Amino acid sequence: MKRLFSIAAWIAVAALGAGALGSIALHRGEPLNATWFVVAAVCFYLVAYRLYSAFVAAKVLALDDTRATPSERHDDGRDFVPTNKWVLFGHHFAAIAGPGPLVGPTLAAQFGYLPGTLWLIAGAAFAGCVQDFVILFCSIRRDGKSVGQMAREEVSERGGFIAQLAVLAIMTILLAVIGLVVVNALKSSPWATFTLAMTIPIALLLGLYLRFVRPGRVLEASIMGVALILFVVVAGQWVADSPSWARVFTLSGIALAFLIIAYGFAASALPVWLLLAPRDYLSAFIKAGAIFSLAAGILFVRPQVLMPPLTRFIDGTGPVFAGKIFPFCFITIACGAISGFHSLISSGTTPKMILRESHARFIGYGAMLLESFVGVMAMVAACAMPPGVYFAINSPPSIVGGAGEAAASTITGWGFPLQAQTMTDLAHKVGEITLWNRAGGAPSLAVGMAQIFSSTIGGERLLSIWYHFAIMFEALFILTVLDAGTRVGRFMVQDLGGRVWKPFGRTGWMPGILLSSAVIVALWGYFLYQGVVDPLGGINSLWPLFGISNQLLAAVALVVATTILMKMDRLRWIWVTLLPMAWLVIITMTASYQKIFDANPRIGFLSYANALAAQIAAGKIPAEKIAETHRLIFNQRLDAAVTGILAAMILVLIVEALVHWYSILSRRKESVLHESPYIATRWAVDFSGASHGDD
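Attention here is on the structure that accompanies the text. (Residues numbered from 1 in each chain as written. Predicted model: local features only at pLDDT ≥ 70, side-chain atom pairs only at ≥ 80, totals over all residues. Heavy atoms only, no water.)

## Re empty space enclosed by the protein
Then step 1. Counting across every chain of the model gives three cavities of 30 Å³ or more.
Then step 2. The computed volume of the largest cavity comes to approximately 60 Å³.
Then step 3. When residues of the lining of the largest cavity are traced back to their parent elements, those giving at least two are helix 8 (157–186) and helix 15 (340–346).
Then step 4. Taken together, the residues of the lining of the largest cavity sort by class into eight nonpolar, four polar and one charged. (1 Å grid on protein atoms, 1.4 Å probe; cavity = no way out; pocket = protein on both sides within 12 Å on 5 of 7 lines; lining within 4 Å. Points joined across faces, edges and corners; volume = space filled by probe spheres on them. Helix = DSSP H or I, 4+ residues; strand = E, 2+ residues; numbered from the N terminus. Nonpolar A, V, L, I, M, F, W, Y, C, P; charged D, E, K, R; others polar.)

Written out as C-alpha cells, the structure is:
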C-alpha cells in the first residue's frame with residue numbers, strides 16, 4: 001500500500017511538471033504567469049533526482065558505501081576532512097554558484113523565454129548534473145585528484161598536459177568576463193560601488209574576529225556580518241545623496257577595472273582565512289537567502305512574463321550579442337545548464353571532504369539542480385520586466401544610438417514600445433543616474449528582482465533599496481568566483497612553473513606566491529581591460545568567448561568521465577556521458593568557427609578586425625581615435641587566436657581519447673584503471689548509509 005501511494009505521488013508530481021512545461025512551451029498570446037516556471041522547474045528536478053540520478057548511482061557508477069573515502073583514509077584536519085553531507089552540500093553549492101546562472105540566462109532572454117528555460121531545465125538534468133556527479137565519483141575513487149591529473153592518467157600524458165593548459169586558459173577568460181560584469185554593474189553608480197567596496201573590510205573584520213578575538217564563534221560572526229552587509233546597502237543611499245561622497249564612489253569603467261585587478265591580486269596573495277574564507281561564508285548566506293526569497297516572491301506576486309516566448313532576434317541580429325539561437329543560446333546560458341568550471345570543484349576540495357560515496361549523488365547531482373534553479377529564477381526576473389526596458393538596459397550605445405529619444409525610437413522600431421521618460425523615471429526610482437546601455441546582465445537582473453521584491457515588501461518606495469541589494473547580491477556571487485578562481489589560477493601557474501624551476505612550485509614560498517599571483521591577474525586583467533574599452537560593450541565578444549571556453553572545459557571533463565566508464569566495463573551505459581559530450585563538442589566547435597570566421601563583424605572576430613582596418617584605410621577614423629582602433633583590431637585578432645587555440649587543444653584531446661578508446665575496445669592495449677585500492681571503511685554503516693561521521 002505504501003509503495004502504491006509513493007508511485008501515485010510521483011506520477012502526480014510528474015504530471016504537474018509536464019503540465020507546467022507544456023504551458024511554458026505552448027502558451028501564446030496573453031502574457032504567461034511566472035508561477036508556471038517555478039512549478040515546472042521544481043517538479044522536473046524532483047523527478048530527475050528521484051529517477052535519473054538514482055539510475056546513474058546504481059547502474060552506471062555502482063556507488064559503494066563499504067569503501068573508505070579519501071576523507072577517511074587521509075584525514076589530516078586540513079585538506080582531507082570528513083564533513084557532514086549537508087555542510088558539504090552548502091560548501092559545494094557556494095563554490096560552484098558564480099555569475100553564470102545569473103548573467104547567462106539574463107543575456108539569453110533576448111531570444112525569448114522559451115529556448116533558455118527549456119535548456120536550463122533539461123540541460124541540467126541530463127548533462128550538467130551528470131558531469132558534476134560522475135567527476136566527483138571519479139575523483140573520490142582517485143584520492144581527490146583533479147580533472148587534469150585524471151586526464152593524464154586515464155587518457156594519456158599528452159592529453160593531461162593539454163587539459164591543464166586548456167584549464168588555465170579557460171580560467172583566464174572566465175575571470176576576465178566576470179570582472180567585466182562587475183564593472184558594468186558598478187560604473188557611474190556611487191551607491192552600488194560603495195556597497196560592494198564595504199564588503200571587503202567587513203570580510204577582513206570577520207576574518208580577524210574569528211581568528212584572534214572570538215575563535216570558533218561562527219554564529220556571532222555570521223550575525224554581525226549579515227547585519228553589517230544590510231547596513232551598508234542602506235548606507236549607500238546616504239553616500240549617493242552626498243555630493244562629496246558621491247564623487248568619491250562615482251567611477252569610470254577603466255578605474256573600476258584597475259581596482260578589481262588590484263583586489264584580485266590581494267585576494268590571491270593574502271592568507272585564505274583573512275579574506276577568502278569569510279567572504280565565501282558571508283556570500284553563501286546572501287546567495288541562498290536571496291534565491292529562495294526570489295522564488296517565494298514569484299509565487300506570492302505571480303508576475304506576468306512580458307517577454308515573448310521567441311523574439312525576432314533568434315535570426316542572429318540580437319542587440320545584446322550577435323549570433324543565431326544555435327549555437328549561441330547554449331553557450332550563453334552556459335553555467336546554468338552545464339559548466340566545465342564545476343568539474344574543478346568536483347575534483348578539488350569536495351572529494352577530499354565527502355564521507356560516503358552515496359553522498360556524491362546528493363552533493364554532485366543535487367547542487368547542480370539548485371544552480372539550475374538559480375538560472376530559471378534569473379530568466380523569470382529578466383523576462384518579467386517590459387521587453388523595451390530589458391533591451392534599453394542591455395544594448396550597447398553603438399547598436400541603439402546612445403541614450404534617450406534616439407535609443408527609445410530604435411527599440412520601439414524593433415516592436416518593443418519604449419518611452420525615454422520611462423527609463424529616466426526607472427533610474428530615479430532605483431537610485432541610479434542612468435540605466436541606459438548597462439550591458440552585462442547584472443543591472444537588468446537587479447531591476448527585475450527589485451520589482452518582484454518591492455511588490456512583496458515596501459512597494460516603490462523601497463525599490464531603490466531592493467535594487468542595490470540585488471546588485472550587491474550579484475556582485476558577491478561574482479567576487480566569490482573572482483577571488484577563489486584567481487587563487488586556483490595561481491596554483492595552476494605555480495604547478496606549471498614548477499616543472500621548469502622546482503622552487504617556483506612551492507605553494508608556501510612567498511616570492512613564488514607574489515609572482516604567480518601577478519601572472520594570473522595580468523592575464524585576466526588584460527582581457528578585462530579589453531572588454532571595458534570595447535565600443536560594443538565587451539559582452540558581445542567576451543561572453544561568447546567565456547561560454548565557448550566553459551563548455552569546452554565541460555567537454556574535457558566528459559571525455560575523462562567516458563574514458564573511465566569504458567575502463568570500468570560500463571559500455572552498456574556509456575551514453576550517459578557520451579551523448580552530452582558529443583552535444584557539447586558540436587555546439588562549441590560550431591560557435592568557435594563562427595566567432596573566428598563569420599563574415600558579420602558583430603559575430604566574427606576577424607571580420608570585425610578587418611572592418612576596423614578598412615575604416616582606418618578609408619580615413620573614416622578620427623586621428624585621435626586611430627591608436628585606440630589599432631588596439632581594438634589587435635584584441636579582436638587575439639580573441640580569434642585564443643578561440644582557435646582552445647578549440648584545437650580540445651580536438652587534440654578528443655583524438656587522443658578516440659585512439660585510446662579504440663585500443664580498449666579492440667583489446668590492443670590492456671585497460672588499466674587508475675583507481676585507489678579498495679579499503680573497507682572502519683566506520684559502521686547502517687542500512688541508510690549513514691555513519692558516525694555524519695554527526
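## Focus on the side chain of T681
Then step 1. Checked against the element boundaries, T681 lands in the segment after helix 27 (626–665).
Then step 2. Within the local environment of T681, its side chain forms a polar contact with the side chain of R356, the two groups lying 3.4 Å apart.
Then step 3. Ignoring anything within four residues of it in the chain, the contact list for T681 reads D65, T66, R67, A68, E72 and R356. (Polar contact = N/O pair within 3.5 Å; in protein donor to acceptor, adjacent residues only side chain to side chain. Contact = heavy atoms within 4.5 Å.)

## Description of the pattern of salt bridges
Then step 1. In this structure the tally under the stated criterion is seven salt bridges.
Then step 2. A salt bridge links E675 to R67, with the shortest nitrogen-to-oxygen separation between them at 3.5 Å. Remark: R67 occurs in the loop between helix 2 (35–61) and helix 3 (70–73) and E675 occurs in the segment after helix 27; sequence separation between them is 608 residues.
Then step 3. Looking at E675, the relative accessible area reads 22%, which means it is partly exposed. (Salt bridge = Lys/Arg side-chain N within 4 Å of Asp/Glu carboxyl O. Buried < 20%, exposed > 50% of the residue type's maximum accessible area, 1.4 Å probe, protein only.)

## Overview of the packing of aromatic side chains
Then step 1. By the definition in use, this model includes 29 aromatic pairs.
Then step 2. Relative to W466, the ring of F453 has its centre 4.9 Å away and its plane inclined at 40°; by these criteria the two rings are tilted. Residue F453 is found in helix 21 (residues 442–456), and its partner W466 is found in helix 22 (residues 463–500); the two are separated by 13 residues along the sequence.
Then step 3. Positioned above the aromatic ring of F605, the side-chain terminus of K595 is 4.8 Å from the ring centre. (Phe/Tyr/Trp six-rings, centres within 6.5 Å; stacked < 30°, edge-to-face > 60°. Lys NZ or Arg CZ within 6 Å of the ring centre and 35° of its normal.)

## With respect to the nonpolar core
Side chains that are nonpolar tend, in soluble globular proteins, to be buried together.
Then step 1. Residues V56, Y365, F391, I411, L435, W436 and W524 are the most contacted members of the largest nonpolar core, which totals 218 residues.
Then step 2. Per element, the largest residue contribution to this core is 19 residues, and it comes from helix 8.
Then step 3. Residues within four places of I411 in sequence aside, it is in contact with G388, F391, A392, V400, F416, L418 and W436.
Then step 4. One finds Y608, A609, L612 and I633 within the second-largest nonpolar core, a separate group that totals five residues. (Core = buried A, V, L, I, M, F, W, Y, C linked by side-chain atoms within 4.5 Å.)

## Brief notes about the packing of helix 5 (residues 100–108) against helix 16 (residues 359–383)
Then step 1. Where helix 5 contacts helix 16, the two axes come as close as 8 Å, and the packing angle between them is 40°. Between helix 5 and helix 16, the angle falls in the class oblique. The way helix 5 lies across helix 16 gives a crossing that is right-handed. On helix 16, the residues touching P101, L102, P105 and T106 of helix 5 are E371, V374, G375, A378, M379 and A382.
Then step 2. In terms of residue class, the contact of helix 5 with helix 16 is built from seven nonpolar, two polar and one charged. (Axes fitted to C-alpha atoms, helices over the stretch in contact; angles between N-to-C directions. Parallel < 35°, antiparallel > 145°, perpendicular 65-115°, else oblique. Left-handed = near helix turned anticlockwise from the far one by under 90°.)

## Some words on the state of the cysteines
Then step 1. Summed over all chains, the structure comprises zero disulfides.
Then step 2. We note that C329 lacks a disulfide partner, and the nearest cysteine sulfur, in C383, lies 11 Å from it.
Then step 3. C383 gets classed as buried once you look at its relative accessible area, which sits at 1%. (Disulfide = S-S within 2.5 Å.)

## Let's talk about the layout of surface pockets
Then step 1. Of the voids in this model, the second largest pocket is the one considered here, and its volume is about 350 Å³.
Then step 2. Y45, L46, G366, L369 and L370 are, among the 14 residues lining the second largest pocket, the residues nearest its centre.
Then step 3. Elements with a contribution of two residues or more to the lining of the second largest pocket: helix 2 and helix 16.
Then step 4. Sorting elements by how many residues they give to the lining of the second largest pocket places helix 16 first, with six residues.
Then step 5. A per-class count over the lining of the second largest pocket returns 11 nonpolar, one polar and two charged.

## Looking at a nonpolar patch on the surface
Then step 1. Taken together, the side chains of M1, L4, I7 and I11 present a nonpolar region at the surface, about 480 Å² in accessible area.
Then step 2. Mapped onto the elements, I11 comes out in helix 1 (residues 2–26). (Patch = residues over 30% accessible without salt bridge, like charges linked within 9 Å, V, L, I, M, F, W, Y side chains within 5 Å. Areas by Shrake-Rupley, 256 points an atom, 1.4 Å probe, with all protein chains shown as cover.)

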